[in-house]
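So you can see what is in the structure, the chains are spelled out below.
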Amino acid sequence: MPAKMKSFVPVEPAVLEARRELARRIASITGGPGEHVTAAPGLVLYHRDEPTPCYQASYEPSLSIFVQGRKHVILGETEYVCDSSSFLLSSIDVPAKSQIVEASQKTPLLVMFLRFDMPMVREMLSQEDLPEAKATAHRQGLAVGETTLGLLSACIRLLDLLNTPEDIPFLSPLIQREIIYRLLKTPQAGRLRAIATSGDRVQRTARAIAWLRANFKKPLHIEELANTARMGVSTLHHQFRALTSMSPLQYQKMLRLQTARERMLMDGLDATTAAYEVGYESISQFSREYSRCFGLPPIRDIRALKSSGMTGKQVSVDPARDLHQ
């Protein structure tokens, strides 16, 4: 499987120190393993102290800053390697596979996750004096880049606000604007520009994805979906696969299976009820596709998840959360 590998480039001492400082802040705030929602809008901190198997995950427009540990995210045939020098930019709602490959109690995986305020992003992109990023041929909805001193410094200051909650409503939007600005100066800026620019084909494809997420239980009529996106059927297929590495039908199937898995684990639904609830008409088809996706038939998979101590919340299809978290 091809991987997005990074060539070795000497790193400035100031950048290395900023990465270490951000890692110290995240470790201090989290205090231990888990998902830590903060008082700053859209800001979540992750602390994981052991590797995981490869599990399904779902990403939405967001930024993940990795400062310790290593994680692999797989979209289609592309594997993105996220380590202590990386940020992961998700510009569109995409289901992917994810695996923590390096994490321990001594050196946990530490991640700062920030959900994008898309109106803010669009407002910033409307300004004519923003720096133009270099064009890139990369078209998928995920992109990995190398953290810069400016980006890391802004992230540290955003975490500092957690010590003074009264400052968050006033200063958090300003710092988040700076973070977006710093991203727009990186080679990965094209992903963010594309999804936030009205009228772009990526934006139209995003409209189709949003419709699918809201209506995945309904039968899929590709002509209706193309009309929603204001694109031709063949153009939609091409753009959809370029962004998500799957067809609209495969995307709908993934949403159905992830939701059914969550409902069986969280609410105790049996496989038949869960299948009908997410839109399947054939139980045998549901079982086949579920086994192909998750590696086990529904009943055995849910038993295995429960025996491992996982909860419904841990396998929910929330933004940027691995189904194993």
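Going by the structure above, here's the rest.
Small disclaimer: the values here were computed from a predicted structure and weren't measured. (Residues numbered from 1 in each chain as written. Predicted model: local features only at pLDDT ≥ 70, side-chain atom pairs only at ≥ 80, totals over all residues. Heavy atoms only, no water.)

Trainee: Break down the packing of aromatic side chains for me, citing the residues and quoting the values.
Mentor: Under the counting rule described, the total for this entry stands at 5 aromatic pairs. Both rings, one in Phe286 and one in Tyr290, keep their centres 5.6 Å apart while their planes meet at 55°; by these two values the pair is tilted. Of this pair, Phe286 and Tyr290 are both found in helix H11 (residues 283-294), 4 residues apart, which corresponds to roughly one turn of the helix. The residues Phe286 and Tyr290 share a single accessibility class, namely buried. One aromatic cluster is present, built from ring pairs that chain together Tyr280, Phe286, Tyr290 and Phe294. In this structure, Arg256 packs its charged tip against the face of Tyr280, placed 5.7 Å from the ring centre. Stacked on the ring of Phe294, the Lys or Arg Arg261 has its end atom at 4.2 Å from the ring centre. (Phe/Tyr/Trp six-rings, centres within 6.5 Å; stacked < 30°, edge-to-face > 60°. Helix = DSSP H or I, 4+ residues; strand = E, 2+ residues; numbered from the N terminus. Buried < 20%, exposed > 50% of the residue type's maximum accessible area, 1.4 Å probe, protein only. Lys NZ or Arg CZ within 6 Å of the ring centre and 35° of its normal.)

Trainee: Kindly report on the pairing of strand E10 (residues 109-115), identifying the contributing residues and their values.
Mentor: Within E10, 6 of the 7 residues are buried, which leaves the element mostly enclosed by the surrounding structure. Pairing analysis gives 6 bridges linking strand E3 (residues 43-48) to E10, with the strands arranged antiparallel. Bridged to Arg48 within E10 is Leu109. (Pairing = 2+ DSSP bridges.)

Trainee: Tell me about helix H4 (residues 168-184), and please be specific about residues and values.
Mentor: For H4, with 17 residues, the first-to-last C-alpha span of 23 Å sits near the 24 Å given by 1.5 Å per residue. Residues of H4 that are buried include every one of Ile168, Ser172, Ile175, Gln176, Glu178, Ile179, Ile180, Leu183 and Leu184, and no others. (Expected span 1.5 Å × (residues − 1).)

Trainee: Describe in detail the pairing of strand E7 (residues 78-82), supporting the description with residues and values.
Mentor: Most of E7 is tucked away, with 5 of its 5 residues classed as buried. Where burial is concerned, the two faces of E7 agree: the one with Thr78, Tyr80 and Cys82 and the one with Glu79 and Val81 are both buried. The sheet contact formed by strand E6 (residues 70-75) and E7 spans 5 bridges and is antiparallel. Pairing of Ile74 across the sheet is with Glu79, part of E7. Counted between consecutive antiparallel strands, the loop separating E6 from E7 contains 2 residues, among which Gly76 sits at a positive phi close to 65°.

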